[in-house]
Structures are given as C-alpha cells and as structure tokens.
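Here is how the chains run, residue by residue.
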Amino acid sequence: MGIRPFLDKEWRESWRSGRLFLLSALFLVLGISTPLMLKFLPQLLPVEWQSILGPLLPSGPAAAVDALFKNLAQVGVLVLVLVVMGTIAEERARGQLELVLSKPVSVAGIVWAKFAVHAFAFLLAVLCAFLPFFAYLQILYSPGVALLPLLVGAGFFVVYGLLVIAFTLFASALFAGQVGAALLSGGFFLALSFLPNLGGDFARLSPAGLLAAARGLALGAGRPGDGLLGIGIAVGGVAVFLCLAVVAMRNHEW
Amino acid sequence: MDPAIQTRDLCKRYAGRIALENLNLAVPAGSVFGFLGPNGAGKTTTIKLLVGLRRASGGEAWIMGHNVRREPRAARSLLGYLPESPAFYGWMSAAEYLRFAARLFGLQGSELRLRQDYLLDLVGLRKARGPIRTFSRGMRQRLGIAQALVNNPRVLLLDEPTSALDPIGRKEVLDTIASLRGGLTIFFSTHILADVERVADAVAILDQGRMLAQESMAELRRKHARRRLRLTVGSDPGELLARLRREPWLENVQRQEDDLLLHVKEIADAERRLPVLIAELGLPLRRLEAEELSLEEIFLEVLGRGN
C-alpha cells in the first residue's frame, strides 16, 4: 500500500490533536510581537532610562527582520523539534506501529506521510509568522520591507525547517523513547547553529547559513544566488535523513 | 494439503539467550491451533517471527507457502495479527480504525464499507461511537480481532487473546474465535488451558524455546490417557501397593480413597502384569480402566512437571 492512507491518518491526527495549529499559533505570536516589541519597547521603559537605553535598542525594519529570524530560528525551531520528536518514537513505544506494520505496508510511506504533514504544518506556521509581520512592518514603519524578498527569505527558512523535521524524524525512528530522540535532535540543532560560526565555507554552505542568506534576501540586500548551495545541501540532507529513518524502522525489531 | 503455517528449524537468540530453538511447526489449514506454553516459553517471539516483526536468527517460516523473510508482503497480505495488548490510535473511533486498516490492504469504496459494517457487527461494536481511548479492555480486544480480520485473512495469529480479560470478555473473545472456525486457520498462543480445551483442534507445547509436543487434541488425549490407569480392588490394597512399587513398568502410584491411580511407563506390560498380581494376592478386581488426563495434567506431564 502506498502513502495515501498514512497521509490521511496523519492529517486527521494533526487536525484533531491541534498539533497542526500549535506551531502556527506560536509563530503567529512571534510574527506579531517582534515588530511591536522593537517599536514600542523604548516607550515601555521608565522615563529616566529612555534617554540612556533608547538609542542603544535596535529599531527599524531591518532590526525587526533580524529579530524575527533569530526568534524563529531559536524558539520556533526548538518547538518544532518538540512537536516532531515523538512522532515515530511514541507510536512505537505504545505499540501502535506494531499493529500497522503487521500489514503489507510500506515503511517509506509511513515516514514520508509524517514528514509531509509536519512540513505542511511548518509551512503554514511560517506563513502565520511572516504575513502579519509584513503587515505590521508596513503599519509601523514607512517604508517597511518588500513582500517578495521577505517571502523568499521565509522560503529559505522553510527549507531549514524541513531539514530539522527530517532529522528529528530520523532520531524518532532511531530511539524507542522521546527523550533519546529529543537529545539527538537537540544536539543536531545546536551543531547546525554552531557550524556558521566556523566561518569560511561553513558559513556559506551549512544549512544554518541559509538563515543568514534568508535575512539578507528578506531585507533586499542579498542576491538570489545566495544560499542556493545551502538549499541544495539541506534538500539533500532531508532526503538522506528520511531514508535513514526508513532504514532505522526496517531494522527495528517490534 | 500444505500446512497453513510451517517453520523449519526456526531460531531466535537475544544477546546470547536462546528464545526459540529449532522450531519445526506444521499447522494444518483450517484448524484452530493452540500454542501452549508457560510465560517466557517463546510463544510471542514465534508469532512475531511469523508476522515478520522480528528477524529469525536461523531457519525459515512460511505462511500459506510464502516465505516470511523473502516474501513478507505476500505473507502479510494473507494473515491477520492480534498482539497481546493491541494499541490503536486512541483518537479514532472503531469504525475509523477499521477503515484505516482496510485501506492498508487496498480496500476502497463500497467493499470497504461492507467489510467495516460486517466486522463491527461480528465483534459487537456497531454501536460503539466514541474514541477508542474510552473503550474497555474487552472492547479493544474485540476491535483487535476485527482489525485482524479486515483483509479476510487465510491465517489468523492471536497472541494471548484472552489473558488480560475478565471472564465475560474472555467468553466473548472465545465465542468469536469459535464462530470463525472452519473459514480460516487460527493460531493462538495462550497459557490458559481451558481456552485451548474449549476451542482448539490441535496444540503445540513450547517450553524454554523448545517444542515438546505437537499433536491434535484427540491424539494428545489418547496418548496420555493410555498412560494412567484407575484400579479398584475389593479389599485393602496395602500389599498390592508394595508389590506394585517393585514393578519396572510403573512410574508411580497414588492412593485416592479406595482407588489406586497408576501412572505407567509401558501400558502393555501393565495390562499383562496387573491381573496376574491381583490374582496372586487373591484380591477381588472391581475396576481397571484407562483414564483421561485433563489438559492441565497433560501439559504438566509434557513439561516434565507432573507427578
């Protein structure tokens, strides 16, 4: 059997458990609060501090774009890992997958369906962050930022998120419990974040380097070719980790 | 006729521990086959090897002629499996889960709906509307049987289907198994001997990963019945008891009120010597008959833990 029954099951499960909207809700909050905080934080400070700290606080659309990417790449991705980490491990621990795998099904179908639904939820969440963010920038600053470059930057961030999803699924397939999956995914996430600090080609080619390219593109400062190699590497990583997840599930004894 | 389930030298080792050793099993098609053994005997391991959920350390297994290792999908498409504690997606309803399971076998449209309705009726869950997480254990077990039957399997593998159920749940599950008799091969593991006695046509007895016996119920009873004799004499059997204990064909003898219960090694020797002994002692013979052992006694005897 192919992927369709699994896609249908994953979709309904995401919908009914509210998992589909959890990330969207968080990203929406980040998308709205980031420009508002940057704009109004100086006014929220006590009057005597405003003259001292006010000039030091970042402001303007560029600072808002920068802050949004940082927030999404840290808090957003961490929550993404938490949402995805139990996807396979939990079903395995509960015995649900054992019953499914006793039927003539494709393990790849199970993994790809989970990936597809998580990817969709993540895409939805990114839109929930960027569209209101764009609207607030237009309201709060004049001029704000152009929509298309911002969406291209968001697209780069989506690719980064897909890599995190694929790796977390692999970790979830590897470990019998959520904790192991969470630790491995967390380690991977930290390693990804650290790689660009090594400078040189690491900054340019590592998947996390995509975030820098995405920020540049969103602000209209980058070139479309920036980060393309990083995207290629990230997409390749997605395919590799999903295949590894399939192998891990096939090798598991139920 | 080819066996529905066959294994040849099937082995499973876990980190140096032997869970299953050279299992050679042949389950006749259409039978209800009880797979008996104490806890830890290797019953669940065997079933999981047959389903393909675990890899054998050696040997081969076939379901309806399909090699489980080389043709796992073909084998799985012909079987239904119920684990000891079936775990479902708790947010689904019984009907939703059956539809999901049916789609995994490629069922669609009206065929799917008919199968779903038939199975919900069969296991008495037609009116169970809530999510599965609200179901009792018995309801889950019945849903487990329904999902195992969703593909109209030729072979049904049930792992301890009644062990966690209360008497009512147990009766319901056994009734369901009994109602399926004849249409397919049912292979069920258990340590509850009364369940086997009630529904099985044939049994295999497993202990510490080794198969100790494999026979039809009738044959098992016949073999073991011939090994126990009940003897009643008209007067005090004290002297007879002493003489009997010196006989080489006797395994042991127990006194039960006026009767003597003889477990014998060689029935032919017993039948020849007993009347002679009784006549020599001048005792009146009231009764001498071969007695049927209960399945529990046979089980313990096969396991070497009987009298």
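Owing to the predicted nature of the structure, the values given are computational and were not obtained by experimental measurement.

What counts, and at which threshold
- Residues numbered from 1 in each chain as written.
- Chains lettered and ligands numbered in written order.
- Predicted model: local features only at pLDDT ≥ 70, side-chain atom pairs only at ≥ 80, totals over all residues.
- Heavy atoms only, no water.
- Helix = DSSP H or I, 4+ residues; strand = E, 2+ residues; numbered from the N terminus.
- Buried < 20%, exposed > 50% of the residue type's maximum accessible area, 1.4 Å probe, protein only.
- Contact = heavy atoms within 4.5 Å.
- Areas by Shrake-Rupley, 256 points an atom, 1.4 Å probe, with all protein chains shown as cover.
- Phe/Tyr/Trp six-rings, centres within 6.5 Å; stacked < 30°, edge-to-face > 60°.
- Expected span 1.5 Å × (residues − 1).
- Polar contact = N/O pair within 3.5 Å; in protein donor to acceptor, adjacent residues only side chain to side chain.
- Pairing = 2+ DSSP bridges.
- Axes fitted to C-alpha atoms, helices over the stretch in contact; angles between N-to-C directions.
- Parallel < 35°, antiparallel > 145°, perpendicular 65-115°, else oblique.
- Left-handed = near helix turned anticlockwise from the far one by under 90°.
- Patch = residues over 30% accessible without salt bridge, like charges linked within 9 Å, V, L, I, M, F, W, Y side chains within 5 Å.
- Salt bridge = Lys/Arg side-chain N within 4 Å of Asp/Glu carboxyl O.
- Core = buried A, V, L, I, M, F, W, Y, C linked by side-chain atoms within 4.5 Å.

Help me out: how do you make sense of the overall build of chain A in this one?
Helix and strand content of chain A: 12 helices and 0 strands. Reading the secondary structure of chain A in the N-to-C direction produces α-α-α-α-α-α-α-α-α-α-α-α. Looking at chain A residue by residue over its 254 residues, the buried ones come to 50%. Considering only contacts within chain A whose residues lie at least 6 apart along the sequence, 81% involve residues at least 24 apart. Surface accessibility of chain A: about 11000 Å² in total, with carbon and sulfur atoms responsible for 72%.

It is not clear to me how unusual backbone geometry should be interpreted in this structure. Could you clarify?
Trans is the common state for peptide bonds, and a negative phi is the common state for residues other than glycine. Residue and element names in this part refer to chain B. For Asn22, which is not glycine, the phi dihedral falls at a positive 45 degrees. When you line up the elements, Asn22 lands in strand 2 (residues 17-27). The exposure class of Asn22 is partly exposed, given its relative accessible area of 41%. Here Met64, not a glycine, exhibits a phi torsion of approximately 50 degrees, which is positive. Examined against the element boundaries, Met64 turns out to sit in the loop between strand 4 (58-63) and strand 5 (66-67). Given the relative accessible area of 23%, Met64 is considered partly exposed.

Would you explain the packing of aromatic side chains in this entry?
In this description, an aromatic ring pair is defined by two values, namely the gap between the centres and the angle between the planes. All names here are of chain A. The tally for this structure, following the rule as stated, stands at 22 aromatic pairs over all chains. Consider the rings of Phe27 and Phe122, whose centres lie 5.9 Å apart with planes at 80 degrees: the pair is edge-to-face. One end of the pair, Phe27, is in helix 2 (residues 19-44); the other, Phe122, is in helix 7 (residues 107-140), with 95 residues separating them in the sequence. With a centroid separation of 5.5 Å and 80 degrees between ring planes, the pair formed by Phe188 and Phe241 is classed as edge-to-face. With Phe188 in helix 9 (residues 178-194) and Phe241 in helix 12 (residues 228-251), this residue pair connects regions lying 53 residues apart in the sequence.

Could you clarify how one ought to interpret helix 7 of chain A in this entry?
In an α-helix there are 3.6 residues to a turn, and that puts residues three or four apart on one side. The first and last C-alpha atoms of helix 7 of chain A sit 49 Å apart over 34 residues, in line with the 50 Å expected at 1.5 Å per residue. For helix 7 of chain A, the N-terminal cap is Ser106 of chain A; the gap from its side-chain oxygen to the backbone nitrogen of Ala108 of chain A is 3.3 Å.

What should I look at first to understand the pairing of strand 4 of chain B in this one?
The side chains of a regular strand alternate, first on one face of the sheet and then on the other. Residue and element names in this part refer to chain B. Counting buried positions along strand 4 yields 5 of 6 residues, so the element is predominantly enclosed. As paired strands, strand 1 (residues 5-14) and strand 4 are joined by 5 bridges and run antiparallel to one another. Bridging from a neighbouring strand, Cys11 pairs with Gly58 of strand 4. As paired strands, strand 4 and strand 5 are joined by 2 bridges and run antiparallel to one another. Directly across from Ile63, in strand 5, lies its bridge partner His66. Counting the residues in the hairpin turn of strand 4 and strand 5 gives 2 residues, including Met64, whose phi is positive at 50 degrees.

Is there a simple way to explain the packing of helix 8 (residues 147-174) of chain A against helix 9 of chain A in this structure?
How two helices pack is summed up by the angle between their axes together with the distance between the axes. All names here are of chain A. As a packed pair, helix 8 and helix 9 sit with axes 8 Å apart at the nearest point and diverge in direction by 150 degrees. In terms of orientation, helix 8 lies roughly antiparallel with respect to helix 9. As helix 8 runs across helix 9, the sense of the crossing is right-handed. Every residue of helix 9 that contacts helix 8 at Tyr160, Leu163, Val164, Phe167, Thr168, Ala171, Ser172 and Leu174 is listed here: Ala181, Leu184, Ser185, Phe188, Phe189, Leu192 and Ser193.

Is there a simple way to think about a nonpolar patch on the surface in this case?
All names here are of chain A. A grouping of Leu123, Leu127, Leu131, Leu147 and Leu151 is seen on the molecular surface, where their side chains present a nonpolar patch of about 360 Å² in accessible area. Of all the secondary-structure elements, those providing two or more residues to the nonpolar patch are helix 7 and helix 8. Looking at the nonpolar patch, the element that brings in the most residues is helix 7, giving 3 residues. Here Leu127 lies in helix 7. Of the residues examined, Leu127 reaches a relative accessible area of 38% and is grouped as partly exposed.

Which parts of the structure should I look at to understand the nonpolar core?
The tendency in soluble globular proteins is for nonpolar side chains to be buried as a group. In this structure, Phe157, Tyr160 and Met249 of chain A together with Tyr97, Leu157 and Phe187 of chain B are the most contacted members of the largest nonpolar core, which totals 163 residues. It is helix 8 of chain A that contributes the most residues to this core, 16 residues altogether. Trp249, Val253, Leu260 and Ile278 of chain B belong to the second-largest nonpolar core, a separate cluster that totals 18 residues.

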